[in-house]
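# Coordinates in review
This is what each chain is made of:
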Amino acid sequence: MGVTKLYVARQDPKNRSWYPLGILTVDENDTYRFVYTKGTQSMKNFVFLGRMTDFDAVYESKDLFPLFRNRLLSDSRPEYKEYLKWLGINKDEDSPLNILAMTEGIRATDTLEVFKYPTPNSKGEYEVDFFSHGLRHVSKRVLERVNHLKKGERLFLAFDMQNEYDAKAMALRTDDPVEFVGYCPRYLAPDFLKLLEKNKAMDTLVTVVRVNKDAPLNLRLLCKLVAPWPKDFHPFSDDKFKPLVEYSHPVVPLLEIEDPVASKGGSRISHVGDLRS
């Protein structure tokens with residue numbers, strides 16, 4: 001089935017910090033659900049997502065909510081096949097959440113991003129694919145270096161402790177010659193640092209999956225990180241990632257009202273209790 005759980009984050013327009021605001025899931029029956037997270041409580045300039053204006057609700061729909069569907073490229077577009085190639089997704093794996101997980105749902109018109117919840121691979125390891133961030137800020141020399149990276153080439157993590165914008169920034173560098181080729185996504189960097197601390201540095205392997213020379217810079221360098229999964233390790237363990245309301249699959253609707261956020265027909269809001277601390 002592929003990706004079944006995504007976090008939704010937004011940048012505060014004033015302090016430019018990022019906050020996880022919600023969780024989007026899909027179950028085996030292709031039912032989509034959305035709940036807000038405790039990250040909403042720490043964002044001073046929080047604004048509800050569209051008409052989803054109830055903290056205590058599980059929003060449910062048989063169709064992907066327009067807020068997220070509008071971040072997908074239509075499969076009728078002539079460039080769709082090439083687009084999937086850039087993302088490293090096969091045509092039979094092009095589910096909406098798989099695509100959103102790779103593109104991060106980024107649009108120029110707002111500051112929302114989505115990212116997937118890592119789960120152990122078939123070997124019980126931590127494994128995640130991601131695109132290098134920040135390439136639009138690098139020099140032409142660096143972009144030339146990126147364009148000449150080879151599939152399977154090893155990259156190395158470098159904790160950028162002096163980064164004035166992000167105290168937990170994790171840069172990517174090549175080996176010989178050494179060149180910084182962007183950053184890990186901000187939402188993965190804290191967990192990457194934990195993996196480095198709990199494992200031997202050489203056991204945390206970052207490699208080049210593909211270089212898309214004809215793609216936009218945010219989709220240029222696709223990487224993969226594989227590392228042993230420590231016994232006491234839990235991704236996104238900070239309290240701000242926890243849902244405000246508990247829910248499971250399927251949700252039992254105690255109160256059904258029309259959900260104007262989702263597409264017409266087949267949507268509802270299920271109130272299932274308040275777990276805020």
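Residues numbered from 1 in each chain as written. Predicted model: local features only at pLDDT ≥ 70, side-chain atom pairs only at ≥ 80, totals over all residues. Heavy atoms only, no water.

### A short note on the side chain of N212
Heads up, the rule is: By the criteria applied, helices consist of DSSP H or I runs no shorter than four residues and strands consist of E runs no shorter than two, each listed in order from the N terminus. Think of a polar contact as two N or O atoms within 3.5 Å of one another; within protein, one of them needs to be a possible hydrogen donor and the other a possible acceptor, and neighboring residues in sequence only count if both atoms come from side chains. By definition in these notes, contact holds between two residues if any of their heavy atoms fall within 4.5 Å.
Turning to its location among the elements, N212 is positioned in the loop between β10 (205–211) and β11 (221–228). Looking at N212, its side chain comes within polar contact range of the main-chain oxygen of L219, at 2.8 Å. The residues touching N212, leaving out its near neighbours within four places in the chain, are K85, W86, F131, L219 and R220.

### A look at the pairing of strand β4 (residues 57–61)
To be explicit about the condition: Summary of the burial criterion: residues with accessible area below 20% of their type's maximum are buried, those above 50% are exposed, and those between are partly exposed, where the area comes from a 1.4 Å probe applied to protein chains only. Should DSSP find at least two bridges between two strands, the strands are taken to pair.
Counting buried residues in β4 gives 5 out of 5 residues, a clear majority hidden from the surface. When strand β3 (residues 32–36) meets β4, the two strands line up antiparallel, connected through 3 bridges. Residue pairing across strands places R33 opposite E60, the latter belonging to β4.

### A few points about the sheet that holds strand β7 (residues 154–159)
For the record, the criterion: Fitted lines through C-alpha atoms serve as axes, helices being fitted only where they are in contact, and the angles separating the N-to-C directions of these axes extend from 0 to 180 degrees.
If you walk across this open sheet you meet the 6 strands as β6-β11-β10-β7-β8-β9, and the pairing is antiparallel. Taken across any chain shown, the strands that pair with only one partner, and hence form the sheet edges, are β6 (125–131) and β9 (180–183). Going across the sheet, the axis of each strand differs from the next one's by a mean of 30°, ignoring polarity. Here 7 bridges tie β6 to β11, and the two strands are oriented antiparallel to one another. Residue pairing in the sheet places F131 in a bridge with L222 of β11.

### Thoughts on the environment of V58
Structurally, V58 is set in strand β4. Looking at V58, the relative accessible area reads 0%, which means it is buried. For the pair V58 and V245, spaced 187 residues apart in the sequence, the C-alpha separation amounts to 7.5 Å.

### Focus on the layout of surface pockets
Inclusion rule: Of the two site types, the cavity is a set of points on a 1 Å grid over the protein atoms alone where a 1.4 Å probe fits but cannot get out, and the pocket is an open set with protein on both sides within 12 Å along at least five of seven lines, each lined by residues with an atom within 4 Å of a point. Grid points are joined across faces, edges and corners, and a volume is the space filled by probe spheres set on the points. Throughout this entry, Asp, Glu, Lys and Arg are counted as charged residues, while Ala, Val, Leu, Ile, Met, Phe, Trp, Tyr, Cys and Pro are counted as nonpolar. The remaining residues, Gly among them, count as polar.
Roughly 520 Å³ of internal volume is contained in the second largest pocket. In terms of lining residues, the second largest pocket is bounded by 21 residues, among which G2, V3, N98, K116 and D129 are the most central. Those elements that place two or more of their residues in the lining of the second largest pocket are α3 (96–103) and β6. Residue composition of the lining of the second largest pocket, by class: 9 nonpolar, 6 polar and 6 charged.

### Focus on the packing of helix α2 (residues 80–87) against α3
Quick reminder of the rule: Left-handed describes a crossing in which the near helix is turned anticlockwise from the far one by less than a right angle; the clockwise case is right-handed.
Closest axis-to-axis distance for the α2/α3 pair is 10 Å, and the angle between their directions is 60°. Here α2 runs over α3; the crossing is left-handed. Two secondary-structure elements touch here, α2 through Y80, Y83, L84 and L87 and α3 through I99, M102 and T103. Of the residues in the contact of α2 with α3, the class split is 6 nonpolar, 1 polar and no charged.

### So, the pattern of salt bridges
Heads up, the rule is: Here, a salt bridge means any side-chain nitrogen of Lys or Arg that lies within 4 Å of a carboxyl oxygen of Asp or Glu.
Enumeration over the complete set of coordinates arrives at 14 salt bridges. D94 is the salt-bridge partner of K91, the closest N and O atoms lying 3.2 Å from each other. Classification of D94 by relative accessible area gives buried; the value is 19%. Linked by salt bridges that have partners in common, D27, R33 and E60 make up one network.

### Structural notes on α2
Basically, it comes down to this: This arc is built from the directions going out from the helix axis to the C-beta atoms.
Y80, Y83, L84, W86 and L87 are the residues of α2 that are buried. One side of α2 holds all its buried residues, which, seen down the axis, span an arc of 155°. One or two steps after α2, the chain reaches G88, where phi turns positive at roughly 75°.

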